[in-house]
Amino acid sequence: MKKVELLAPAGDLEKLKVALLYGADAVYIGGTEFSLRARASKFTLEMIEEGVRFAHQLQKKVYITTNIIPYNEDLGGLEEYLKKLEAIGVDAIICSSPYIIETALKTTRLEVHLSTQQSVLNSAYLNHWFEQGITRVVLGREASLAEIKQIESKSKAELEVFIHGGMCVSYSGKCTLSNTMAARDANRGGCAHSCRWRYALWENNQLLSDGFDFHIASKDLQTLRQIPELIEANVASLKIEGRMKSIHYIALVVSTYRQFIDDYYRNQLEPIEYYEERIAKAENRDTSSGLLLGKATIDQQLYQSRSEYPNKEFVGIVKSYDCEHQLLEVEQRNYFQIGDTLEVISPRKETQIFEVKSMKNSLNEELTVARHPLERVWIPCEMPLHPYDLLRRIS
Amino acid sequence: MYLSETAVISMQVITHLYDPKEIQHFKELGVHGVLLPVSSFSTAVQKSFQVMELSSILDILREQEMHSYLLLNTVIYEHDLSLLEETLRQLKEYSFDGIVCFDYTVAIVAKKYNLIHKIIYQPGTQNTNLFDPHYFYEQGIKGITVSREIPFEDIMAIILHAPDFEISLQGHGYLEMFYSARELLTLYQEYKHQPISLKQQTSLSIEEEIRPGLHYPIYEDEHGTHIFRPKALQSFQELIVLRPYLNQFFVSRLFLSDEEHTHALEAILGRTPYQSFLDQYPHYDSGFYYKKTSQLKGGSE
């Protein structure tokens, strides 16, 4: 059996590199054109080229989302853009529009995957797309484990399944809440996440809810306990959602699933709580197994007043290490100070900790606190760390 | 102004049938045809029909020289495929004008039973540009319904550049903006320990916290939960331009009283001045015809 692919999101080049270094087999990214997630689709062709070069050096893959449901005005320059992606050597594109799919298949040799925006939930529809030339289909997030197994047994194309991250509570591609409520087109990258707002429920003129405690939104997806069954179901790719998430989130989520998958194949799984505790450090929303176990229950829904809570423990990313002087160069991402104990998150080794005993800024001035985002600080550290190691404050 | 004073009429006005007894009433109004929701495969409707019931209804419609469209608007899961095949196999024996589907799987299965030429693909969203229809035309379907969230100028562009198949519009009534597999009302009642079922009730709405007073109709059935625009869509002015080009104009009936529904049909069919209708029913607007949306953030993949 071919080893399952771990597919991670990347909103920029730094996240792309972190995702791949922390264990993703492939990343999906959005170009500046034809992609959903407009704010996370910042990759120019030059950046895509750099990302592909980086990935291919590691024997890994890059998929480009060209998954908008386009209006007439959105389609200019499509063929030229696709040919440039082909020339760069991207490994596949992820599409939703039949016109974009047909154009890619007729004018390039690009491998084409079908986006979850098409909400494919059965083998007949999936095989239809395979016959059109699609090699992989991202299933709708409404598919249960039992259905995924049935679909796979009849499928001619590879299956890609979401395993972690935010959930569209509507069928993907079918929601215009954001269009109506915020004049932002969800199917062209403008989703305002109106499903996460608070609502009151009325029956005619009678209020049924307690104020605005009626919620549409679901908890985020977290499927560590279901990964073995997904692997056994012969799913080709396990996909993490979240191109707009932080590098800290990506590093922790990717590395946890990486370890789980590798441990599973080696038949050396730790107790599930070990992985769950690790991944929980990255989450800023409540999680559930989504609809993988079947029909939604109240355990899958968000009924709390806030659906997000900030995660401020991630304080910096290692940029370099000076072995001679045992000095760590860190780019600050959140406030930390002398006396804090920092935990190192690294793709290379078990968790290590060290105390910040002193630090200096780029002017060689002594600091007591690192308070400025993206500020470079130098910290004495006896452990040799590496670029893209991440630092979390644990005390 | 009467809409009957405008343009050449080639367009069929189609609305939901709740009861076969309504056929005569619709005929007298001048309605050209009806939408017949098929049990097990229709959602967000007040009434659906078993396949066996359809035979006699289709006979009556044929006698009345009215058009008949079967509605299968659920999302098709793997476990639905065998029943869908059986349903289409049975429907193949009947005489009707079209099958309106939300999930393209219906078209794929219909192909097996030589019914693909009857398919009108109506995904709500997604038929948003003038290029995608050519793909569906090549598949051999009867036509598409343009998406409900696109501007009027884009609808015109799709119509004017469409291949030689039928183009339709969901042009009147409360239009859906959200469809979830989750039973959100049932789950909320369970969370609140309320035993009363809110399924299939048309009197429910949700109100935004930051825009009090704006109510969105919400409806749940066995296939999930639907949320609708706060105002119903009317297209009277637009019909003056669109009428010669559209093949079907669908009038949605959910949340409308029988009286309002009849008044709407009369105005659409040009039997009464549409301004009188709008004066009587102020909860209408022009949807996205003149409201541009932007691309700022978000998405789901």
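Predicted, not measured: the structure shown is a model, and the values here were computed from it.

## Here's the deal with the overall build of chain A
In terms of regular secondary structure, chain A is built from ten helices and 23 strands. Computed over the C-alpha atoms, the radius of gyration of chain A is 22 Å, within 12% of the 21 Å expected from 2.2 N^0.38 for a compact globule of 395 residues. When its C-alpha atoms are laid out on the principal axes, chain A stretches across 60 × 60 × 50 Å. Taking all 395 residues of chain A together, the buried fraction comes to 63%.

## Observations regarding the overall build of chain B
What chain B contains, in helices and strands, is ten helices and 14 strands. Taken against the 2.2 N^0.38 rule, which gives 19 Å for 301 residues, the C-alpha radius of gyration of chain B at 19 Å falls within 12% of a compact globule. Projected onto its principal axes, the C-alpha coordinates of chain B cover approximately 50 × 50 × 45 Å. Put simply, chain B has 301 residues, and 64% of those count as buried. Considering only residue pairs separated by 6 or more positions, chain B has 67% of its internal contacts joining residues 24 or more positions apart. Accessible area of chain B: about 11100 Å², with a carbon and sulfur share of 49%. The centroid of the 23 positive side-chain charges in chain B is displaced by 1 Å from the centroid of its 39 negative side-chain charges.

## What to know about the pattern of salt bridges
Residue and element names in this part refer to chain A. In this structure the tally under the stated criterion is 41 salt bridges over all chains. The closest approach of N and O atoms between Glu160 and Lys239, which form a salt bridge, is 2.9 Å. A residue pair is termed long-range when its members are at least 10 positions apart, and Glu160 in strand S7 (residues 158–165) and Lys239 in strand S12 (residues 237–240) qualify at 79 residues. The pair formed by Glu160 and Lys239 is uniform in burial state, with each residue classed as buried. Two residues, Arg258 and Asp262, come together in a salt bridge whose shortest N-O distance is 3.1 Å.

## Some remarks on the interface of chain B and chain A
The interface of chain B with chain A comprises 75 residues on the first partner and 92 residues on the second. Summed over both partners, the interface of chain B with chain A buries about 7400 Å², with 54% contributed by carbon and sulfur atoms. A salt bridge links A:Lys154 to B:Glu78, with the shortest nitrogen-to-oxygen separation between them at 3.0 Å. The interface formed by chain B and chain A includes 30 residue pairs in polar contact (both at pLDDT 80 or more). Looking at the side of chain B that touches chain A, the elements with two or more residues in it are helix H4 (105–112), helix H5 (132–139), helix H6 (152–161), strand S8 (176–180), helix H7 (184–191), strand S9 (204–208) and strand S10 (215–221) of chain B. The element best represented in the side of chain B that touches chain A is H7(B), accounting for six residues. For strand S8 (residues 198–203) of chain A and S9(B), the ladder comprises five bridges, and the chain directions are antiparallel. Each residue of the ladder has a partner; that of A:Leu201, found in S9(B), is B:Ile206.

## Focus: H6(B)
Residues and elements named next belong to chain B. Buried residues dominate H6, accounting for seven of its ten residues. All of the buried residues along H6 are Phe152, Asp154, Ile155, Met156, Ala157, Ile158 and Ile159. Buried residues along H6 sit in contact with H5, strand S7 (166–172) and helix H8 (236–242).

## Remarks on a nonpolar patch on the surface
Residue and element names in this part refer to chain B. There is a patch of nonpolar side chains on the surface, built from Leu160, Val241 and Tyr245 and spanning about 280 Å² of accessible area. Secondary-structure assignment places Val241 in helix H8. Here Val241 falls in the partly exposed class, since its relative accessible area comes to 37%.

## A look at the environment of A:Pro347
All names here are of chain A. Considering the arrangement of structural elements, one finds Pro347 in the loop between strand S17 (341–345) and strand S18 (352–355). On the basis of relative accessible area, Pro347 is assigned to the partly exposed category, the value being 32%. Sequence separation between Pro347 and Val254 is 93 residues; the distance between their C-alpha atoms is 9.6 Å. Those residues within four positions of Pro347 in sequence are excluded, and the remaining contacts are Leu21, Tyr22 and Asp389.

## Quick word on the pairing of strand S13 (residues 248–251) of chain B
Residue and element names in this part refer to chain B. The alternating pattern of S13 places Gln248 and Phe250 on one face and Phe249 and Val251 on the opposite face, and all of these are buried. Pairing between strand S1 (residues 12–16) and S13: four bridges, direction parallel. Opposite Gln12, over in S13, you have Gln248 as the bridge partner. In this sheet, S13 lies alongside S7 in parallel orientation, the contact comprising four bridges. Each bridged residue has a counterpart across the sheet, and for Ser168 the counterpart in S13 is Gln248.

## Quick word on the packing of aromatic side chains
How two aromatic rings sit relative to each other is given by the distance of their centres and the angle of their planes. The full count for this structure, using the stated rule, is 27 aromatic pairs over all chains. On the basis of an interplanar angle of 85° and a centroid distance of 5.8 Å, the ring pair of B:Tyr174 and B:Phe255 is categorised as edge-to-face. Placement of B:Tyr174 in the loop between S7 and S8 and of B:Phe255 in the loop between S13 and helix H9 (258–268) is noted, with a sequence separation of 81 residues between them. Assigned by exposure class, B:Tyr174 and B:Phe255 land together as buried. Seen in terms of ring centroids, B:Phe236 and B:Phe277 are 5.7 Å apart; in terms of plane orientation they differ by 70°. Their pairing is edge-to-face. With B:Phe236 in helix H8 and B:Phe277 in helix H10 (residues 274–280), this pair connects stretches of sequence that are 41 residues apart. Each member of the pair, B:Phe236 as well as B:Phe277, carries the same accessibility label: buried. Directly above the aromatic system of A:Tyr28 lies the positively charged group of A:Lys239, at a separation of 4.4 Å from the ring centroid. Above the face of the A:Tyr249 ring, A:Lys245 is positioned so that its terminal group lies 4.8 Å from the ring centre.

## Some points on the domain arrangement of chain B
Many structure descriptions define interface size as the accessible area lost when the parts assemble. All names here are of chain B. Assigned domains within chain B: domain 1 (3–175 + 230–285) and domain 2 (180–221). Placing the centre of domain 1 and that of domain 2 at their C-alpha centroids yields a distance of 27 Å. With nine residues of domain 1 at the contact, the number on the domain 2 side is ten residues. Summed over the three residues of domain 1 that lose the most area to domain 2, namely Gln46, Pro230 and Phe255, the buried surface amounts to 63% of that side. On the surface where domain 1 and domain 2 come into contact, there are zero salt bridges. Considering only residue class, the side of domain 1 that touches domain 2 consists of seven nonpolar, two polar and no charged.

## Topic: empty space enclosed by the protein
Residue and element names in this part refer to chain B. In total, this model carries six cavities of 30 Å³ or more according to the counting rule given. Of the volumes computed, that of the largest cavity is approximately 360 Å³. Along the wall of the largest cavity there are 25 residues; nearest its centre are Asn73, Gln122, Gln170, Glu176 and Ser252. Of all the elements in the fold, those that place two or more residues in the lining of the largest cavity are strand S4 (98–101), S8, strand S11 (224–228) and S13. Of the residues assigned to the lining of the largest cavity, the class counts are 15 nonpolar, eight polar and two charged.

## Quick look at the nonpolar core
Residues A:Ile48, A:Leu85, A:Ile93, A:Leu230, B:Leu36 and B:Ile141 are the most contacted members of the largest nonpolar core, which totals 169 residues. The element best represented in this core is helix H9 (residues 247–265) of chain A, accounting for ten residues. Excluding anything up to four places from it in sequence, B:Leu36 contacts B:Leu17, B:Phe49, B:Leu54, B:Ile57, B:Leu58, B:Leu61, B:Ser68, B:Tyr69, B:Leu70 and B:Leu71. One finds A:Leu177, A:Met181, B:Met177 and B:Ile227 within the second-largest nonpolar core, a separate group that totals 24 residues.

Reading guide: rules and limits
- By convention here, each chain's residues receive numbers from 1 onward along its written sequence.
- Here chains are named by letter from A upward and ligands by number from 1 upward, in the order in which they appear as written.
- Where totals are concerned, whole chains, interfaces and linings use all residues; where local detail is concerned, this predicted model gives features only for residues with pLDDT of at least 70, and gives and counts side-chain atom pairs only at 80 or more.
- The basis for the side-chain values is all heavy atoms of the structure; hydrogens and waters are excluded.
- In DSSP terms, a helix is any run of H or I states spanning at least four residues, a strand is any run of E spanning at least two, and both are numbered starting from the N terminus.
- Radius of gyration: over C-alpha atoms. The globule rule applied is 2.2 Å multiplied by the number of residues raised to the 0.38 power.
- Each residue is placed in one exposure class: buried if its accessible area under a 1.4 Å probe, protein chains only, is under 20% of its type's maximum, exposed if it is over 50%, and partly exposed if it falls in between.
- Every residue pair with non-hydrogen atoms within 4.5 Å of one another is taken to be in contact.
- Accessible surface area values rest on a Shrake-Rupley calculation with a 1.4 Å probe, where residue burial reflects the displayed protein chains alone.
- Only four residue types enter the tally: Lys and Arg on the positive side, Asp and Glu on the negative side, with His and both chain ends excluded.
- One atom stands in for each charge, and that atom is NZ of Lys, CZ of Arg, CG of Asp or CD of Glu.
- The working definition used for a salt bridge is a side-chain nitrogen of Lys or Arg within 4 Å of a carboxyl oxygen of Asp or Glu.
- Buried area, as used here, totals the accessible surface that two parts lose on assembly, with accessibility defined by a 1.4 Å probe and the loss added over both.
- Contacts described as polar in this section are N or O atom pairs within 3.5 Å, which, within protein, must combine one atom able to donate a hydrogen with one able to accept it, while residues neighboring in sequence count only if both atoms come from side chains.
- A pair of strands is labelled paired if DSSP reports no fewer than 2 bridges between them.
- Without a salt bridge and with relative accessible area above 30%, a residue can belong to a patch; like charges are then joined within 9 Å and nonpolar side chains (Val, Leu, Ile, Met, Phe, Trp, Tyr) within 5 Å.
- The rule is short: rings of Phe, Tyr and Trp, with Trp giving its six-membered ring, pair when the centres are within 6.5 Å, and they are stacked under 30 degrees, edge-to-face over 60, tilted in between.
- Whether a charge sits over a ring depends on NZ of Lys or CZ of Arg being within 6 Å of the ring centre and within 35 degrees of the ring normal.
- These domain boundaries are the output of an automatic or database domain assignment.
- In this classification, Asp, Glu, Lys and Arg are treated as charged, Ala, Val, Leu, Ile, Met, Phe, Trp, Tyr, Cys and Pro as nonpolar, and every other residue, Gly included, as polar.
- Within this scheme a cavity is a closed region of a 1 Å grid, computed over the protein atoms alone, that accommodates a 1.4 Å probe without allowing it to escape, whereas a pocket is open but has protein on both sides within 12 Å along at least five of seven lines; lining residues each have an atom within 4 Å of a point.
- Grid points are joined across faces, edges and corners, and a volume is the space filled by probe spheres set on the points.
- Put simply, buried Ala, Val, Leu, Ile, Met, Phe, Trp, Tyr and Cys residues joined by side-chain atoms within 4.5 Å make one nonpolar core.

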